[in-house]
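Structural features, examined
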Amino acid sequence: MEHKVYDIILSGLGGQGILFLSKILAEAAMREGYLVRGAETHGMAQRGGSVIGHLRIGDVSSSLIRQNCADCLLSLDEIEAYRNINYLKPEGVLCVNTPKEDFPIRQVKEFLEKKKIRAYGFDCLSLAIKEGMAQSTNIGLIGFSLGLGFLPIPYNQVVSVIQDLSKGPSKEKNLKILEEAYREGKRIQGDSN
Amino acid sequence: MLGNGAIALGLLEAGCEVLTSYPGTPSSEILPEFIRLSRLEGINTYAEWSTNEKVAFDVAYAVAVAGKRSACSMKQVGLNVAMDSLMSSAYIGQEGGFVVISCDDPGPHSSQTEQDTRLVARIAKVPVFDPSTPQEAREMIQEAFSISEAFKVPVILRPTIRVCHGREVIGWDQIRPVRVPARFQRDPNRWAATPRFRYFLHKGLNQKLKEIQKRFEEMGAFNRHSMLAFKDYPFGIISSGVCYAVVRDLIEEFGRDDIPVLKIGTPFPLPEELVREFLARCKKVMVLEETDSLLEYLIGDRSRVLGRESGHVPREGELVPELILRVINAALVELGLEPLVIEEEATFPVQELNLPVRKPRLCPGCPHRPVFYAIRRSNPKGIFTSDIGCYTLGLNLGAVDTCLDMGAAITMATGFYHAHRMDQVDRPIVATIGDSTFFHSGTAGLLNSVYNDARFILVILDNEITAMTGMQPTPGLGIKADGTKGKRIPLQDLIKGCGVEYLKVVDSYNLPELISTLKEAHEFTKREDGGIAAIIARHPCVIAYRKEAVPHPVKVAVGEECNLCKLCFERFECPAISKDEARGRAVINQVLCVGCGVCVHICPEGAIKPIEGEGNGA
Ligand code: SF4
Ligand code: SF4
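Note that this is a predicted model, so its numbers are computed, not measured.

1. Remarks on the overall build of chain A
- The helix and strand inventory of chain A stands at 7 helices and 6 strands.
- Along chain A, helices and strands appear, N-terminal first, in the series β-α-β-β-β-α-β-α-β-α-α-α-α.
- Here the C-alpha atoms of chain A give a radius of gyration of 16 Å, agreeing with the 16 Å that 2.2 N^0.38 yields for 193 residues.
- Structurally, chain A occupies a C-alpha span of about 45 × 40 × 40 Å along its principal axes.
- Within chain A, counting contacts between residues at least 6 apart in sequence, those at least 24 apart form 65% of the total.
- In the structure as shown, chain A presents an accessible area of about 8,000 Å², 49% of it carried by carbon and sulfur atoms.
- Within chain A, one finds 24 positive and 23 negative side-chain charges whose respective centroids are separated by 2 Å.

Structure, rendered in structure tokens:
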């Protein structure tokens, strides 16, 4: 039997909104009719320390992803991305919120190339700040990943989840951040093709 | 749904009418979910945040003694606090079903120890269920209640953090409300049994365990193996809890039906028949369980069991999937069998990158920060005892020396005082404890210190919430678990009631006043007629109450007077301040900064200043 599951590792720092990010993706995957399992971090680790979340889309028993098995790693922080880099499987995708032009750092480049891991960086924070919504950096990262087109979830499904989950005036802003980041992802994807 | 939500759902489906709890990771979400789902389904239940786990245990236990189904939930170290009650209630039993949910934390991710509640169940002689997934936890609760009711014995459900904070798709049909009238039947011989009767109760409990064991043998839903009939195997795995879910995924992923797996969902009392049958047909058996060894001890056969005792499985830390893969693989190789993977995928030597350690820190604008800063400033040679909560992170400000368990800030300060006083050594001692922790177990220690004339400064960090575990209300706030109004118990009254004569309340953001009050308090502890000096440092948590905590945000910036002494981002450690490499001075991250304005008072050069015209930096 083929092992059919899509594994996502989410990383960042406590307070950056990993829980919400994971909730949006899980909800969207569920609406697409997938089974979903996740492992979240609560408690002490939420106070600014390294935080990691696991999200498994498909029919599995355990909520934890094994090292070398994640299809993608979405990170709200560049350093945390490197810390968790060994979760990625060969030909996986690394997608990071970073202002740096020269992402990823030289030391990991060769490793990523050897493992055929594609790495993409985008300054989601600046985009979110532009809308006055620094706390929505996570939405930017989702949009960017969706634009790159590797997630098994369609863009429209995420739009409808955000419409349902975010409240008040932030809703419009979130959708705008999502869309702009999505377009950026698409653009980069177009360039590399 | 979160695993803790699935547990709450299971409780309601089982007709549990009352749930009590004290928050603690990873158990904290069970009670709020119980309240939310009760409302959603229109079911009449009662739920409370009790002041501590022993209180929670006793309240729920009495409900079951009166005939209703009830439960209490807590984290594993919380069960230690309720241990006295658990031990005795196992003997006495109850009428209605009574389930104790104690959540373990292999890792540990957010706990003082990696203790295993299943071992506690063995000590107390009560049955325990060990779920592998949220859905299974929900199902086990139904069985747990029927066993508890049939045998009139408390039953423990032991989910681990990956079950509690696991997310899974879970649906449910409308829940049928159950209502059992409360009817306490007087029977002092049972409910107040004297030691003479306890012998018979103990005997009765042992008898019950025998019968429960028989029931567990037949509980195929939770105890089952994957062996084919009439076949022997060179190697098999016995597993329980989250480890089982991982093992199952591995067996499936690598297509290894030749490795049979025995899942044990009820580790105590152990379904021995089932285990014997499995052992009889496997040459060697590996035991994978969290957090400690229970199955391995109960099985006993050291000649054939590979586990922690034989050195095949690590004795500490979480058994994460890559680790489980590695230990199974090593065992297969050792036994000359086909391994799961021949060659492990190359990994990147992450340690070589020397990534900075991102330890947890107090939030920007956290009211605890100025208090720790002031404590450290005014008593650099002091002994700083502290306690369990966000404020344990006062460690980073050099104002926390000890953190033992709930309430120990006060009791340890007392010990330190007497130890030094005996030797005529005068060392200032400052104990810090949060409001919720003080309500949990501060008063007994404080009464003792006052009574025995200990001298130290007690600082109660009153942020008006139980912050670390996810913002639960406290008695000081006077709001109950369901959000309705309860009776407010002012901390001041409580502290005075313990016999403390010196008590001051200071706003935690007011650094100058904190420092002068700490000085005054110190003088009081040294006076002939002095004693314990208590200070309530009060300011709302910025995460729970952003508006109330910073009603007038102060926009601050670092001027050119800055000589990069690093005090503001290293000693004071506000996460919103960092080093601006290019300009060679400190810089404020305006996104992270909440505008508390405290840093203005700490900069020795006066370089951190409110920006004119933006907010009023009063
Ligand atoms: S959650 Fe509140 S109490 Fe805890 S560190 Fe943050 S501001 Fe301080
Ligand atoms: S005002 Fe100063 S201390 Fe307060 S959050 Fe901002 S940078 Fe940190």
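2. Here we look at the domain arrangement of chain B
All names here are of chain B.
- Split into domains, chain B comes out as domain 1 (3-216), domain 2 (223-342), domain 3 (368-549) and domain 4 (556-610).
- Taking only C-alpha atoms into account, the centre of domain 1 sits 33 Å from that of domain 3.
- Counting residues at the interface gives 16 residues for domain 1, matched by 15 residues for domain 3.
- Where domain 1 abuts domain 3, roughly 1,100 Å² becomes buried across the two surfaces, and 59% of that area is made up of carbon and sulfur atoms.
- For domain 1, the biggest contributors to the area lost against domain 3 are Tyr22, Trp49 and Gln112; these three give 40% of the whole.
- For the interface between domain 1 and domain 3, the tally reads 0 salt bridges.
- On the surface where domain 1 and domain 3 come into contact, there are 4 residue pairs in polar contact (both at pLDDT 80 or more).

3. Overview of the packing of aromatic side chains
Residue and element names in this part refer to chain B.
- Inspection of every chain in the model, using the stated rule, returns 13 aromatic pairs over all chains.
- Centre to centre, the rings of Phe57 and Phe98 are 5.2 Å apart; their planes meet at 90°, and the pair counts as edge-to-face. Pair noted here: Phe57 is in helix α3 (residues 53-65) and Phe98 is in strand β4 (residues 98-103), with a separation of 41 residues, a long-range link. When sorted by exposure, Phe57 lands in the same class as Phe98, which is buried.
- Relative to Phe222, the ring of Phe129 lies with its centre 6.2 Å away and its plane at 85°, an arrangement referred to as edge-to-face. A residue pair is termed long-range when its members are at least 10 positions apart, and Phe129 in strand β5 (residues 128-129) and Phe222 in the loop between α10 (195-217) and β8 (223-225) qualify at 93 residues.
- Accessibility expressed as a relative area gives 0% for Phe129, which makes it buried.
- With relative accessibility at 3%, the residue Phe222 sits in the buried group.

4. Brief notes about the sheet that holds strand β10 (residues 261-264) of chain B
All names here are of chain B.
- Taking strand neighbours across the sheet as the criterion, the 5 strands line up as β8-β10-β9-β11-β12 in an open arrangement whose pairing is mixed. If you trace the sheet from one side to the other, it starts and ends with β8 and β12 (305-306), each paired once.
- Lying on the sheet, helix α12 (residues 272-281) is in contact with β8, β9 (233-239), β10 and β11 (282-288); it crosses β11 at an angle near 130°.

5. Focus: the site of ligand 2
- The environment of ligand 2 is made up of 14 residues, and the closest members are B:Cys574, B:Cys593, B:Cys596, B:Gly597 and B:Cys599.
- Looking at the shell around ligand 2 residue by residue, the classes come out as 11 nonpolar, 3 polar and no charged.

6. So, the site of ligand 1
- In the vicinity of ligand 1, the residues found are A:Arg47, B:Leu362, B:Cys363, B:Cys366, B:His368, B:Cys390, B:Asn463, B:Ala467, B:Met471, B:Cys541, B:Val542 and B:Ile543.
- Chain contributions to the surroundings of ligand 1 come from chains A and B.
- Across the shell around ligand 1, the residue classes break down as 9 nonpolar, 2 polar and 1 charged.

7. Quick look at the sheet that holds strand β13 (residues 383-386) of chain B
Residues and elements named next belong to chain B.
- Ordered by their spatial adjacency, 6 strands build an open sheet running β14-β13-β15-β16-β18-β17, and the pairing between neighbours is parallel. Each having just a single partner strand, β14 (402-403) and β17 (502-507) make up the two edges of the open sheet.
- Helix-sheet contacts for helix α15 (residues 368-378) involve β13, β15 (429-434), β16 (457-462) and β18 (533-538), and the interaxial angle to β16 is about 165°.

8. Details of the interface of chain B and chain A
- Contacts between the two partners involve 46 residues from chain B, matched on the other side by 44 residues from chain A.
- By the criterion of area lost to chain A, the three top residues of chain B are B:Arg167, B:Phe348 and B:Arg358, representing 19% of everything that side buries.
- Where chain B touches chain A, the interface holds 6 salt bridges.
- B:Arg358 is the partner of A:Glu80 in a salt bridge, and the nearest nitrogen-oxygen pair spans 2.8 Å.
- Run the count over chain B and chain A and you get 15 residue pairs in polar contact (both at pLDDT 80 or more).
- Among the elements of the structure, β7 (166-168), α11 (241-253) and α14 (321-334) of chain B are those that each provide at least two residues to the side of chain B that touches chain A.
- Among the elements that line the side of chain B that touches chain A, the one with the most residues is α11(B), at 7 residues.
- Considered class by class, the residues forming the side of chain B that touches chain A number 24 nonpolar, 8 polar and 14 charged.
- Taken together, the 3 bridges between strand β2 (residues 36-39) of chain A and β7(B) define a ladder with antiparallel strand orientation.

9. Let's talk about the pattern of salt bridges
All names here are of chain B.
- One pass over the full model with this rule turns up 47 salt bridges over all chains.
- When the shortest N-O distance is used, the salt bridge between Asp301 and Arg304 registers 3.4 Å.
- For Arg304, a relative accessible area of 24% translates into the label partly exposed.
- For Glu581, the salt bridge identified is with Lys579, shortest N-O distance 3.9 Å.
- Since its relative accessible area comes to 61%, Glu581 is described here as exposed.
- Relative accessible area serves as the criterion here: at 37%, Lys579 is assigned to the partly exposed category.
- Via salt bridges that share partners, Asp104, Asp116, Arg118, Asp130, Arg158 and Glu289 belong to a single interconnected network.

Basis of the calculations
- Residues numbered from 1 in each chain as written.
- Chains lettered and ligands numbered in written order.
- Predicted model: local features only at pLDDT ≥ 70, side-chain atom pairs only at ≥ 80, totals over all residues.
- Heavy atoms only, no water.
- Helix = DSSP H or I, 4+ residues; strand = E, 2+ residues; numbered from the N terminus.
- Rg over C-alpha atoms; globule rule 2.2 N^0.38 Å.
- Contact = heavy atoms within 4.5 Å.
- Areas by Shrake-Rupley, 256 points an atom, 1.4 Å probe, with all protein chains shown as cover.
- Lys, Arg positive; Asp, Glu negative; His and termini not counted.
- Charge placed at Lys NZ, Arg CZ, Asp CG, Glu CD.
- Domains from an automatic or database assignment.
- Buried area = accessible area lost by both parts, 1.4 Å probe.
- Salt bridge = Lys/Arg side-chain N within 4 Å of Asp/Glu carboxyl O.
- Polar contact = N/O pair within 3.5 Å; in protein donor to acceptor, adjacent residues only side chain to side chain.
- Phe/Tyr/Trp six-rings, centres within 6.5 Å; stacked < 30°, edge-to-face > 60°.
- Buried < 20%, exposed > 50% of the residue type's maximum accessible area, 1.4 Å probe, protein only.
- Pairing = 2+ DSSP bridges.
- Axes fitted to C-alpha atoms, helices over the stretch in contact; angles between N-to-C directions.
- Near = heavy atom within 4 Å.
- Nonpolar A, V, L, I, M, F, W, Y, C, P; charged D, E, K, R; others polar.

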